[in-house]
Amino acid sequence: MFLWFARRVSRVKRRWGVISTETVDRETAVDTDESWVREYARDHVAHLLVVAAFGVYPLLYSLLVALGGGVAGAFLPRPETMTAVFYFGLFAMSFDFISGYTGYLSFGHAAFYGTGGYFVVLVANGKVPLLPADTPFMVSMVLAGVLAALLAVVIGSVSFRLSGVYFAMITLGFAQVMYVFMRDWGFLSSNPRDGVAVSNDLHPAGFEIGIPGVDALNLAIGPLRGDEIEWLFLDLGATEVSYYMVGLVVLVCYFAMQRMVHSPFGRVLVAIRENEERARAVGYNTFRYKLGAFAASAFFAGVAGALFAGVRRSVSPDNSLYFLVSGDALLASIIGGFGTLAGPLYGWLFDRSVVEFLSKTGAGGGLLPLLREYLPGSVVEAQLVGGMTFGEGIEVFLNGHAPLYLGAVFVAFVVYVPGGLLGWVRNRLGGTVAKQLPAYLAKLRR
Amino acid sequence: MSLLEVEDVHTYYGESHVLEGVSLEVEAGEVVALVGRNGVGKTTTLRSILQLTPPREGDVRYDGESLVGLETHEVADRGVGWIPEDRRVFAHLTVEENVRLSVPPGSDEEAGLETAYEAFPDLREFADREAGTLSGGQQQMLSIARGLVNENDLLLVDEPSEGLAPLIVENVAESLQSVAEDTTLLLVEQNLPLALDLADRFYVVDHGQVVDEGSTEGVTTDDERFERLSA
Amino acid sequence: MTGALATVVEVFVSGMAKASLYAMMALGLTLIFGLLGVLNFAHGSLTMVGAYVAGLVMVTFAAGSSGLGAVVWFVVAALVATTLVGGVGAAMEVGLIRKLYDRPPIYQILLTFGVTLVLDELMRIVVLFYGQQPRADWRAALGTKPSFVDGNVSVLGASIPALELFEVAFGVLVVVAVWAFLTQTRYGLVVRAGSEDDEMASALGVDVRRVFTVVFALGAGLAGLAGALLMWDPAWGASVPLASETLLPAFVVVIVGGLGTFRGTVIAAVLVGMVDGVTTYFFNEGIITFSGISELMIFLILVGVLVVRPQGIAGQAEVGGH
């Protein structure tokens, strides 16, 4: 007689619907004499603009910091941070690919990110059978993705028999099993709790991204061991090279996912999210579609983890496999826009910008050094409650406590902007940016 | 002034417009039947009165006062009860607990139990069983018993005969008849003979509107006005 | 053979002590889920806040008092933690979660996730401000245990930490109290009815919204109470990471038991606690050398139960007719 849950479960089992902002109709007003190149470019004008903006960012950043000093540095994220935004943004997008599009909350997605990260580091250290330590990074990265995808097939074939909160919990369970295992497995390193690092003896140089085997088409990444380029007026340090190379991989991955989302395959995923019963009734084997999407998503999560480990040359259970890592992807997805694919990247960019704005203690960036520099002494010394000065107050609240503000922002998004940044923009434009922008520009031209 | 006045009520489920201006009246002491095909808005009419699905337009007045904008429990406090479709007994509560819960706070629970068991002696026997283990007919009795002890002046009864064997339907009809002796009933019923038998007046609902009404006096099930029901 | 018997008693009591901690962590979560259908991600953070609040009361007032005095202060601390954290829960429900009841449940979960970030970071700021380490256990609070809870007791030849007996007693007391509330009081009846069918309950005159608030406060209060108990246990202790460390076992217990069922939660807590106790013993004896074995087993139980019986030990697949 203590069982009292009948209805509640059905309420939870009801689809975890999300805002559907996708409009299916295509922009069809095309002038007949246009070449397909121009047509294609026009269809992708939004993508081109975004890629161009990211492309000039490092140059813009150094220019603005040179001109504006501390003020520009305080508000703009550093290129190092942007590199992290790329790889973790890719992970967040892969999370959105499965959770935002099918409505199945993959709360153990960190398992795939961690798989990717651990795999490339272990390959580089010669700890993976059949793969020599000098396996090109590009190869081990792709294999990391494949391994993650295989893992997803195993986890998914069990988990997709469940839905709603049960699916979230079983994937969480799998990820935590992996987390505990990798955390305490002595084979990995002498202290597996601190993670594993790439051996500097085996790999004195950074990992290379490019086309394997063609030396001229590869550039090493990593803040300390990456390549530097001087070419014409360009002078790119290791940080900028890492930024571009990681960005390139992420761009390719994004387009691959974008194609899938807009293919018939992607439309079935959305149909599953909207009403799985109906999708099944019209004859789709939804289980297979979900499993396929899960594997694809895990592949990109694995690649993201590989990039993460590749740049940092190390990976630890807490920064790759722990459930809060999945939580961060969720955070990015909600702020950026659940079910928008590109949104989570912007969500994570937003998140990291806030963190950096509020956390940096060193010189040259963040709000705190800026305030220290510009606030007059009388304000800093002003007494607040309990004998605490204003200066001490800002030290307490502005130094490394970004999650406080991010949590509040996140709550505000959930309550007031459930579509996230990109969802909101799409609602305003009445469709995806990629589709609405060309029409908008055409209107301006007339 | 009628006990219940429903005036040009429009109700939506999300975007779908279910009630397109329903108006009806129920006098104190009456039994009024709402008849119509499946999915024309009969249940939604009851839900709109109870404010479970609040109407977007129109008014519902009970005893001269508007119910629109009230919470469902406030509507219940004023004396409007509900015997829903599918009975909706609390499956994991015992029969006794189901009844106790229905006695309004401040009233005597033991007296309420006695009332329920007197009306439905079977329930006394099953007092300690989980309501979910009862048969459909017994659950329907429990659901009516709940409405009975809930101290209502108006009961909204939804499909009381649905899914029950003919013999049980007779029992249900009898108990509704005895409830009707001192309670006003608004009854949704697919079983036309039963509806005509129990009710003093009827409304025919179609496509979210009342399309016909009248007294059941001398009306038979093959009356032409009910033709649309079988269409 | 007395040695073997002693070992069995020791392992059993330690398993039951863990079970009672797990039950404490999960009870509030299951109450809230049962009625509101909200999987409260902030539950661990509420436990963590409760641990600090109780620790603060103990360190401020009970430091130095020994014996019965310390136990009396502990009761006060537990009550303060329960009330305060319960208040936070009520504020959460009224201020935030209530806005989202008409949205898909995922939004309520997301919301509580955001609240977790805020609560954890606020506590981190407070703790740092007083010169404490957010990661380490709060030694001063651990030190307020009276000596007779700190030592060992001899039972059937077994040497049993008194703290474990204290935890078992505390857990049993709370479980019985919650059970009595749910089954023996009118309000408990209302809560159970609302958990099954809130619409029907409201049509019978129950102000379901107010019940939601009360139950959310109660569930949060239970989290705070769990925190008070954990504050004294050196394996846990008041620290900011306590939030996620308790959230995961609480999830496991609630899911394994069958979401929102009181009986299932208690059974699952005993199961998980005993498995934890036994594997910890195996590890300590060197029979198993993998140090994460207990945690691994806990998550394997979660996965295993979800595969074999997704509705949990005491949950029912789908009941009720509408």
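The rules behind the values
Residues numbered from 1 in each chain as written. Chains lettered and ligands numbered in written order. Predicted model: local features only at pLDDT ≥ 70, side-chain atom pairs only at ≥ 80, totals over all residues. Heavy atoms only, no water. Helix = DSSP H or I, 4+ residues; strand = E, 2+ residues; numbered from the N terminus. Buried < 20%, exposed > 50% of the residue type's maximum accessible area, 1.4 Å probe, protein only. Contact = heavy atoms within 4.5 Å. Areas by Shrake-Rupley, 256 points an atom, 1.4 Å probe, with all protein chains shown as cover. Rg over C-alpha atoms; globule rule 2.2 N^0.38 Å. Salt bridge = Lys/Arg side-chain N within 4 Å of Asp/Glu carboxyl O. pLDDT = per-residue confidence, 0-100. Pairing = 2+ DSSP bridges. Axes fitted to C-alpha atoms, helices over the stretch in contact; angles between N-to-C directions. Polar contact = N/O pair within 3.5 Å; in protein donor to acceptor, adjacent residues only side chain to side chain. Phe/Tyr/Trp six-rings, centres within 6.5 Å; stacked < 30°, edge-to-face > 60°. Lys NZ or Arg CZ within 6 Å of the ring centre and 35° of its normal. Parallel < 35°, antiparallel > 145°, perpendicular 65-115°, else oblique. Nonpolar A, V, L, I, M, F, W, Y, C, P; charged D, E, K, R; others polar. Core = buried A, V, L, I, M, F, W, Y, C linked by side-chain atoms within 4.5 Å.

A look at the overall build of chain A
- A count of helices and strands for chain A gives 21 helices and six strands.
- Out of the 446 residues belonging to chain A, those deemed buried represent 55%.
- The long-range fraction of contacts in chain A, counting pairs at least 24 apart against all pairs at least 6 apart in sequence, stands at 72%.
- If you sum the accessible surface of chain A, you get close to 19200 Å²; carbon and sulfur atoms cover 64% of it.

With respect to the overall build of chain C
- Secondary structure summary: chain C contains 13 helices and two strands in total.
- A compact globule built from 322 residues would reach a C-alpha radius of gyration of about 20 Å, and chain C, at 20 Å, matches this within 12%.
- Dimensions of chain C along its principal axes, counting C-alpha atoms only, are 60 × 45 × 35 Å.
- Of all 322 residues assigned to chain C, the portion counted as buried reaches 61%.
- Partitioning the intrachain contacts of chain C with sequence separation of at least 6 by distance along the chain shows that 75% fall at a separation of at least 24.

Observations concerning the pattern of salt bridges
- Taken as a whole and judged by the stated rule, the model has 30 salt bridges over all chains.
- In this structure, B:E114 engages B:R124 in a salt bridge whose closest nitrogen and oxygen atoms are separated by 3.0 Å. On the criterion of sequence distance, the pair formed by B:E114 in helix α4 (residues 109-119) and B:R124 in helix α5 (residues 121-125) is long-range, its members being ten residues apart.
- Of the residues examined, B:E114 reaches a relative accessible area of 34% and is grouped as partly exposed.
- A residue is classified by how much of its surface remains accessible, and B:R124, at 42% relative accessible area, is partly exposed.
- Overlapping salt bridges bring together B:E96, B:R100, B:E109, B:E110 and C:R186 as one network.

Notes on unusual backbone geometry
- Residues other than glycine seldom take positive phi values, yet A:R313 does so here, at roughly 60 degrees.
- By the element assignment, A:R313 lies in the loop between α12 (286-312) and β6 (314-315).
- One non-glycine residue, B:D8, lies in positive phi territory at about 50 degrees.
- Summarising the element assignment, B:D8 is placed in strand β1 (residues 4-13).
- For B:D8, a relative accessible area of 40% translates into the label partly exposed.

Some points on helix α10 (residues 264-274) of chain A
- Every buried residue belonging to α10(A) is among A:G266, A:V268, A:L269, A:V270, A:I272 and A:R273, and all of these are buried.
- On its buried face, α10(A) is in contact with α5 (79-102), α9 (238-261), α11 (276-281) and α12 of chain A.

Brief notes about the confidence of the model for chain A
- Here chain A averages 83 in pLDDT, and 88% of its residues register 70 or above.
- In this model, residues 1-31 of chain A is a region of pLDDT below 50 whose contacts with residues beyond four sequence positions or in other chains number 108 contacts.

Some thoughts on helix α18 (residues 390-398) of chain A
- Within α18(A) the residues assigned to the buried category are A:G391, A:G393, A:I394, A:V396 and A:L398.
- Just downstream of α18(A) lies A:G400, where phi reads positive at about 80 degrees.

A short note on the sheet that holds strand β5 (residues 65-66) of chain B
Residues and elements named next belong to chain B.
- Spatially, four strands are ordered β2-β1-β4-β5 in an open sheet, and the strand pairing comes out antiparallel. Each edge of the open sheet carries a strand with a single partner, namely β2 (16-26) and β5.
- Pairing analysis gives two bridges linking strand β4 (residues 57-62) to β5, with the strands arranged antiparallel. Within β5, the position partnered with Y62 by the bridge is E65.
- Strands in contact with helix α1 (residues 42-50) are β1, β2 and β4; relative to β1, the strand with the most contacts, it is inclined by about 110 degrees.

Focus: the interface of chain C and chain A
- Across the boundary between the two partners, chain C contributes 70 residues, which contact 60 residues of chain A.
- The tally of links from chain C across to chain A stands at one salt bridge.
- A salt bridge links C:E295 to A:R183, with the nearest nitrogen and oxygen atoms 2.7 Å apart.
- Scanning the region where chain C abuts chain A turns up eight residue pairs in polar contact (both at pLDDT 80 or more).
- Looking at the side of chain C that touches chain A, the elements with two or more residues in it are α1 (2-36), α4 (105-129), α7 (162-184), α8 (186-196), α11 (242-257), α12 (262-284) and α13 (293-308) of chain C.

Observations regarding the sheet that holds strand β10 (residues 209-215) of chain B
All names here are of chain B.
- Within the open sheet, the six strands sit side by side as β6-β7-β8-β3-β9-β10. Their pairing is mixed. The outermost strands of the open sheet, each flanked by one partner alone, are β6 (80-83) and β10. Ignoring which end each strand starts from, the neighbouring axes of this sheet average 20 degrees apart.
- Of the pairings in the sheet, the one linking strand β3 (residues 31-35) to strand β8 (residues 184-188) comprises four bridges and is parallel in character.

Some remarks on the packing of aromatic side chains
- Following the criterion strictly, the structure yields 42 aromatic pairs over all chains and no others.
- Aromatic rings pair up to connect A:Y87, A:F88, A:F91, A:Y113, A:F308 and A:W348 into one cluster.
- Its end group placed over the ring of A:F207, A:R313 keeps NZ or CZ at 5.9 Å from the ring centre.
- Taking NZ or CZ as reference, B:R56 lies 3.9 Å from the ring centre of B:Y12, over its face.

Points about the environment of B:P166
Residue and element names in this part refer to chain B.
- Considering the arrangement of structural elements, one finds P166 in helix α7 (residues 166-180).
- Owing to a relative accessible area of 68%, P166 belongs among the exposed residues under this scheme.
- Note: C-alpha distance between P166 and T94 (72 residues apart in sequence) is 27 Å.

Considering the packing of α9(A) against α12(A)
All names here are of chain A.
- Between α9 and α12, the shortest axis-to-axis distance is 11 Å and the interhelical angle comes to 175 degrees. Here α9 lies roughly antiparallel to α12, going by the angle between them. Taking contact as the criterion, the partners of V246, V249, V250, C253, A256, M257 and M260 in α9 are, on α12, A296, F300, V303, L307 and V311.
- Across the contact of α9 with α12, the residue classes tally to twelve nonpolar, no polar and no charged.

Digging into the confidence of the model for chain C
- A residue-level look at chain C finds 97% of positions with pLDDT of 70 or above and a mean pLDDT of 89.
- Residue range residues 317-322 of chain C is modelled with pLDDT below 50. Its contacts to residues more than four positions away, or to other chains, number twelve contacts.

Quick notes on the nonpolar core
- Core analysis: the biggest nonpolar cluster contains 250 residues, and A:L90, A:L307, B:L4 and B:L186 have the highest contact counts within it.
- Setting aside anything within four residues of it in sequence, one finds B:L186 in contact with B:L4, B:L24, B:V26, B:V32, B:L34, B:L46, B:I49, B:L154, B:L155, B:L156 and B:V157.
- If you look at the next biggest cluster of nonpolar residues, it comprises 44 residues, including B:A33, B:I144, B:L198 and B:A199.

Considerations on the pairing of strand β9 (residues 201-206) of chain B
Residue and element names in this part refer to chain B.
- For β9, a buried count of six out of six residues is recorded, marking the element as mostly surrounded by other parts of the structure.
- Of the two faces of β9, the one holding R201, Y203 and V205 and the one holding F202, V204 and D206 are both buried throughout.
- Pairing of β9 with β10, which is carried by six bridges, proceeds in the antiparallel orientation. By the bridge assignment for β10, D206 is matched with Q209.
- The turn joining β9 and β10, which pair antiparallel and follow one another in sequence, is formed by two residues; a positive phi near 45 degrees is taken by H207.

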